[in-house]
Every structure is written in C-alpha cells, then in structure tokens.
Amino acid sequence: LAELHVHGVALDWRAVLPGGRRVELPTYAFQHHWYWPQGAGDRAGNVAAAGLAAAGHPLLGAAVGLAGSDGVLLTGRLSLRSHPWLADHAVMGSVVVPGTAFLELAIRAGDQVGFDVVEELTLAAPLVLGERDAVAVQVWVAAAAESGRRGVNIYARPAEAAEDEPWVEHAAGILAVDGRRAGADGRGVEFDTVVWPPRGVSAIELDGLYERLDGDGLSYGPVFQGLRAAWRGEGGEVFAEVALPGQVESSAGSFGVHPALLDAASHAVTFAGLDDSEGRRLPFSWGGVCLHASGASLLRVRLAKTGDDSVSVSAVDATGEPVLSARSLVLRPVSADQLAVASGGRGTGRDPLFEVEWSPLTELSTADAVPVAVLGLDLLGVAAAWETVGQPAQVHADLSVLADPVPSVIMAEAISDPACGVVESAHELAARMLDLVQRWLVDDRFVDSRLVVLTSGAIEAREEDAVTDLPAAGVWGLVRSAQLENPGRFVLVDVDGRESSLSALPEMLAWVLASGEPQAVVRGGEVLVPRLAGVVPGSKVADAAGRVWDPEGTVLITGGTGGLGGLFARHVVAERGVR
C-alpha cells in the first residue's frame, strides 16, 4: 500500500489504520540523540553527609555557605552522559555549553541568596564538552557589597583534574535585589499579550533557517530547534514563539527557564537587523535580567534592537503571564580559534597547543619615512625606494665608514650568495651578521640608533610563501637572540621581493618603527607581525602534533647538547618508541 501511495495511487488510510491520526513530520534531518533518563549514571550521593545542602537544580548538585562570610558556593558536574541534551548545541563541530546555561546558573545563585535580578552577566570563555569529558562547575556568590549588590563568578575544570590544575572563569556578573524592570503594563512585559500574534505583524519564513545556521557553523540538534514561528512588527521588533520538544519538555519545571528554550528564543535575533558582518553570533552578555516565573515549556517572545549587536527581551508563557525580561542581550561572534583553545586547553585537562601566526598590523600610526643608511651591496634596491619618497639613502660597505652623526636607522642587508652552496653560504652569512651585531653593540655611536636587518624570502608567513633564502632564515634566529638580550636595538624585516612591497617599504618600515614591533614581514604591500594563536583542528600544526612517529626513522634534535635536549631525547625513546 505504501508503494502504491508514493506512486500516486489514492488510498483511504482511515480504512487501513482505523482510529489513527495524522501527525506532522519534523522539517529537519533525522538525527541520533540520547533517550537515557536525565542524570542516569551520575546520581548525587548523600551531600548532607559531606556538610552540604542539595542545590535542587538539574545543573547543580550541592550548595554551601562560606564560614566567616555571607558568600555562597554552589557546585555541580556536567557531561554529555548526565546531560545528553547539551550534545544538541554544537558550534563549529564542538559541543559548547550554551550561554543561556550560565544565565540559568546565575539566576539559581541569586535565588540561593534572595537576589532576584541578574544585573549583568558576561561570558569570558566558551565551555567545550568532549564526548566523554565531565567538568566540575563552581558558582561563587560573593558577600554583599556596600551597594547592596553581590558578585557572581562561574568556573569549571575537568572533573578528574589534579588539585593544582587551575579553574577557568567562564562567566562573571553582578546580582541585585528589587531590580525588576517593569514594562508598559508593570509586569515586565512590553507588548500586548492578549492577542497572539500581535496585531499588525508580518510572518517571517523559517524554512531552511537551521540549515543556514548549520552552514555558518551553528549546529542545533532537535532539543535546541525550538523556534516555531516568528513575526516582524511595525516598529522593526521581532516576535517569536519557541517551545521545548517532547524529549525534554517534562524537565522544564526543574529549571528557572530551560537553557534550550531561551537559546531557541535567541535564534530569532537573526531577523532583528543586527550587524552580521562578522558571522553568526551567540549570546555574550546579559543585562537587567528578571525571572518572573519558572518552569515554562513554551515562550512568546518580543526582541527589540537596542544597538548594532544587542536586543531587549520580553518573554511570556502561553497564557500571557510574564516569564523573563532582560534589558539587554548582547551577541558576539565566536571564532574557531577560541573554540580550539577552549577544547584543547585548561577547560578539558589537555595542554593548549599554540603556533605563531602572522597577522596584519592593524594599528597603523601616521608616520613619515625616516632617513636610513644602507649597509652592503643594496642588492634589493632599497636606496632607490627611499629616493622615490624624497629621502635619499646612502649606501655604505661597512659600519666603520659611517660618519658622525650617524642616522637613527641603519639598514643591513642579510642576503646569501646564490652562487654558493647552502651550507657554505649559511656559515658565511651567520658569521658576517654575528660580527656586525657584536660591533654594533660595543660602539657607543649607535646607542640611540636601531639596526634594521633586512632579508628576503627567509620567513614563511603565509601558506603561499616559500623560504627561498635558507641561510637568511638562520640570521633571523641569531638576531632574535640579540633582541632578547638587547631590547629596542634591533628590528627584523623580511620582504617578498615584489615591486609593490619594495616601493612601499619606506612607509611600511616607518609604521613598524612607530609601533615598536621587533619583527615584521612585508607581503604584497602589507605589514604582518607575529602573534600567538591557538592551533585550529585540521591545521598543519595540529596534524603534526598528532603524527605517528616512525621507530625506524631518524630524529634530529637541535640544541641537543643542552639539558632540555637530553630530556627530549629520553622522551622520544620512552614515549614515542624511537630507536
């Protein structure tokens, strides 16, 4: 019968399935998700025997007052085993605890001390959960200050962490009393709840919304796909209806407001006209949040734009009674770098992996080209570049022929002879630059001058780069050591040899000198400077970190005669099987 049906044959299904009823199918792709009872396998023990009180909240296990203070500590444990619904909130491939969960923790902390408003709460770092990871959570509520407010801080670290492993602060804020923000009707509601949807609104098409969000790296599973309908008001505000799906609907009464429900309300921000030039955004900070009623499984929400990246929030239940109001919700983009650091760093018990990333020098101060003296043969044509900007550059064979007063900037070429072999050229160039650096440091005439060491093709700053002057790369190592011992005396600059880069070099060097950057590369007329960045999964560095070592291969340890070299040699034999 089904085969006939899909080929267009009209069937009376009421006769086939007496008493059956038509149901709607989900509009998203079917996904695997957990059906285990919430909290299975991680049930709390007798916390009273440990001198604690039960917290009475799905995200927290215990609460305790702090001796000698009216502060309070609440603790809990999160994992995908105990809270499987969190797996439905993924950002760029990583399961991230939603920002609404931190707000829920702050609201619960306020309830513990009788404070009924979260005056502000800012997320400091994402909390990434691995498939088998469990994290311990602490919510600290400080003693009341003279202003009557209390600080609240939320920390986490791996549940099995050593005692000396630091806690990561994921959110910080302020709690207040009687700060309820009343709307037009005095109940925290800014719209007429009698008629739904409100009068004068136009419906917003939601088909494909979650597919588009998934394409932007925000992957919401069934639990977080709660946005049912949305409308745009005459004043530009957005109205939305969100509901919890059946698998978690029964747990709504245990929360102030279920994080998945409030997070679904934030999905309607997509239509609020916020600046999305930096990609899709996630909740970053909350201001003036009041919970008027708990346990809702359905919300009717009004979002009104208050800035380029913020909205106000008013939410009521199906009967029009107030549930939650917020003066502001600020949304910010989350980068892959942030998640890479969070998932591989302190929050999960694994050491973070970093690499040097060459980034554009964005804070460019206005600076005129400075006069320079050039040491060497001027193989790159530096003098001609300076003449085009009205700053003639004198070329000298050596420091000894410089007449007083010496220029404030002296540029020394460090370019190898292509006619020589790489090894011979590396030795010759390194010896020549070492001699130059040593004479520079002992001559008092150059105390107030800077030596700019110029190379070409010695640094691989971008993927398309290639090191074309390997001996000059060794010069970078030598001069970097000199920079550490003598700050402010040396500057390293590498150019790509393009006409555009050489002609722009006078202006670029002026920017580098004004910024105080010790190292820079010029690529296509753009200045790049080194910055430390978290390694993104899938990058060359990340792939290298997970590489399998060949026991029969050869390992070269540079600097191997030092103490660290010996330790590393022992490590690769014992831990990597190197023979």
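Residues numbered from 1 in each chain as written. Predicted model: local features only at pLDDT ≥ 70, side-chain atom pairs only at ≥ 80, totals over all residues. Heavy atoms only, no water.

Asker: Describe the overall build of the chain, naming the residues involved and giving the relevant values.
Answerer: Broken down by element type, the chain carries 13 helices and 26 strands. In the chain, which comprises 579 residues, the share counted as buried stands at 45%. Counting only contacts in the chain whose residues sit at least 6 apart along the sequence, the fraction spanning at least 24 positions is 67%. Here the chain displays about 29,200 Å² of accessible surface, and carbon together with sulfur accounts for 53% of that area. (Helix = DSSP H or I, 4+ residues; strand = E, 2+ residues; numbered from the N terminus. Buried < 20%, exposed > 50% of the residue type's maximum accessible area, 1.4 Å probe, protein only. Contact = heavy atoms within 4.5 Å. Areas by Shrake-Rupley, 256 points an atom, 1.4 Å probe, with all protein chains shown as cover.)

Asker: I'd like to hear about the packing of helix H3 (residues 99-113) against helix H6 (residues 259-266), residue by residue, with values.
Answerer: Two elements in contact, H3 and H6, have axes separated by 8 Å at closest approach and are oriented at 130°. As far as their axial angle goes, H6 and H3 are oblique. Between H3 and H6 lies a crossing of right-handed hand. Between H3 and H6, the residues in contact are Thr 100, Ala 101, Leu 103 and Glu 104 and Pro 259, Leu 262 and Asp 263, respectively. (Axes fitted to C-alpha atoms, helices over the stretch in contact; angles between N-to-C directions. Parallel < 35°, antiparallel > 145°, perpendicular 65-115°, else oblique. Left-handed = near helix turned anticlockwise from the far one by under 90°.)

Asker: Describe in detail helix H11 (residues 499-515), supporting the description with residues and values.
Answerer: Look at H11: 24 Å from first C-alpha to last across 17 residues, which is about the 24 Å you get at 1.5 Å a residue. Its axis deflected by about 60° at Leu 505, H11 carries its strongest bend there, up to four residues before the proline Pro 506. Turning to H11, its buried residues are Ser 501, Leu 502, Ala 504, Leu 505, Pro 506, Met 508, Leu 509, Ala 510, Trp 511, Val 512 and Leu 513. Turning to H11, the residues buried within the fold contact helix H8 (382-387), strand E22 (409-413), strand E23 (450-456), strand E24 (490-495), strand E25 (519-523) and strand E26 (526-534). Phi turns positive, to about 80°, at Gly 516, one or two residues after H11. (Expected span 1.5 Å × (residues − 1). Bend = angle between axes of the 7 residues up to and from the residue.)

Asker: Tell me about the sheet that holds strand E5 (residues 94-96), and name the residues and values.
Answerer: Ordered by their spatial adjacency, four strands build an open sheet running E7-E5-E4-E12, and the pairing between neighbours is antiparallel. The open sheet terminates on both sides in strands that have one partner only, identified here as strand E7 (128-129) and strand E12 (218-220). Bridging between E5 and E7 involves two bridges; their strand directions are antiparallel. Pairing of Val 95 across the sheet is with Leu 129, part of E7. (Pairing = 2+ DSSP bridges.)

Asker: I'd like a description of the packing of aromatic side chains, backed by residues and values.
Answerer: Evaluation of the coordinates by the stated rule reveals seven aromatic pairs. Aromatic side chains Trp 196 and Phe 239 sit 6.3 Å apart centroid to centroid with 80° between the ring planes, which places their arrangement in the edge-to-face category. Of this pair, Trp 196 sits in the loop between strand E10 (168-176) and strand E11 (202-203) while Phe 239 sits in strand E14 (residues 238-243); the two residues are 43 residues apart in sequence, bridging distant segments of the chain. For Phe 239, a relative accessible area of 4% translates into the label buried. Consider the rings of Trp 440 and Phe 446, whose centres lie 4.6 Å apart with planes at 5°: the pair is stacked. Feature note: the residues Trp 85, Phe 224 and Phe 255 constitute an aromatic cluster, connected by ring pairs. (Phe/Tyr/Trp six-rings, centres within 6.5 Å; stacked < 30°, edge-to-face > 60°.)

Asker: Quick rundown of the pairing of strand E6 (residues 117-123)? Include the residues and the values.
Answerer: Of the strand pairs in this sheet, E6 and E10 are connected by six bridges, and their pairing is antiparallel. Considered in E10, the bridge of Leu 121 is made with Gly 173. In this sheet, strand E15 (residues 281-291) lies alongside E6 in antiparallel orientation, the contact comprising five bridges. Residue pairing for E15: Glu 120 is matched across the bridge by Gly 287.

Asker: A description of the packing of helix H9 (residues 422-442) against helix H10 (residues 470-485) should follow, citing residues and the corresponding values.
Answerer: Remark: H9 packs on H10, axes separated minimally by 8 Å, with the N-to-C direction vectors making an angle of 30°. On the basis of their axis angle, the class for H9 and H10 is roughly parallel. As H9 runs across H10, the sense of the crossing is right-handed. Contacts from Val 422, Ser 425, Ala 426, Leu 429, Ala 430, Met 433, Leu 434 and Val 437 of H9 reach H10 at Leu 470, Pro 471, Ala 472, Val 475, Leu 478 and Ala 482.

Asker: Mind laying out the pairing of E25, listing which residues take part and the relevant values?
Answerer: Of all five residues making up E25, five are buried, and the element is well covered by its neighbours. Pairing between E24 and E25: four bridges, direction parallel. Residue pairing for E25: Val 495 is matched across the bridge by Val 522. In this fold, E24 hands off to H11, which returns the chain to E25; that crossover is left-handed. Sheet topology note: the E25/E26 ladder contains three bridges and is antiparallel. Note on E26: the bridge partner recorded for Arg 523 is Glu 526. The turn joining E25 and E26, which pair antiparallel and follow one another in sequence, is formed by two residues; a positive phi near 60° is taken by Gly 524. (Right-handed = clockwise from strand over helix to strand, strands pointing away.)

Asker: Explain the nonpolar core to me, using residue names and the numbers behind them.
Answerer: Phe 102, Val 139, Leu 227, Leu 299 and Leu 324 are the most contacted members of the largest nonpolar core, which totals 83 residues. At eight residues, the largest contribution of residues to this core is made by H3. With residues near it in sequence (within four places) discarded, Leu 324 still touches Ile 107, Val 257, Leu 262, Val 289, Cys 290, Leu 291, His 292, Val 313, Ser 314 and Ala 315. (Core = buried A, V, L, I, M, F, W, Y, C linked by side-chain atoms within 4.5 Å.)

Asker: Let's hear about the side chain of Arg 489: which residues, and what values?
Answerer: Here Arg 489 lies in the loop between H10 and E24. Not counting the four nearest positions on each side in its chain, Arg 489 is found in contact with Trp 440, Leu 441, Phe 446, Val 447, Ser 449, Arg 450 and Leu 451.

Asker: Please set out the sheet that holds E23 residue by residue, giving values where relevant.
Answerer: Ordered by their spatial adjacency, eight strands build an open sheet running E19-E26-E25-E24-E23-E22-E20-E21, and the pairing between neighbours is mixed. The sheet is open, and its two edges are formed by strand E19 (354-360) and strand E21 (394-396), each paired on a single side. Across the sheet, the mean angle from the axis of one strand to that of its neighbour is 30°, orientation sign disregarded. Pairing between strand E20 (residues 373-375) and E21: three bridges, direction parallel. The residue bridging Leu 375 from the neighbouring strand is His 396, located in E21. Its contacts with the sheet put H10 on E19, E23, E24 and E25, and the angle it makes with E24 is roughly 155°.

Asker: Summarise a negative patch on the surface; cite the residues concerned and give the values.
Answerer: Where like charges cluster on the molecular surface, the negative patch consists of Glu 205, Asp 207, Glu 211 and Asp 214. With respect to the secondary-structure elements, Glu 205 resides in the loop between E11 and helix H4 (209-215). Taking relative accessible area as the criterion, Glu 205 reaches 53% and is therefore assigned exposed. (Patch = residues over 30% accessible without salt bridge, like charges linked within 9 Å, V, L, I, M, F, W, Y side chains within 5 Å. Salt bridge = Lys/Arg side-chain N within 4 Å of Asp/Glu carboxyl O. Lys, Arg positive; Asp, Glu negative; His and termini not counted. Charge placed at Lys NZ, Arg CZ, Asp CG, Glu CD.)

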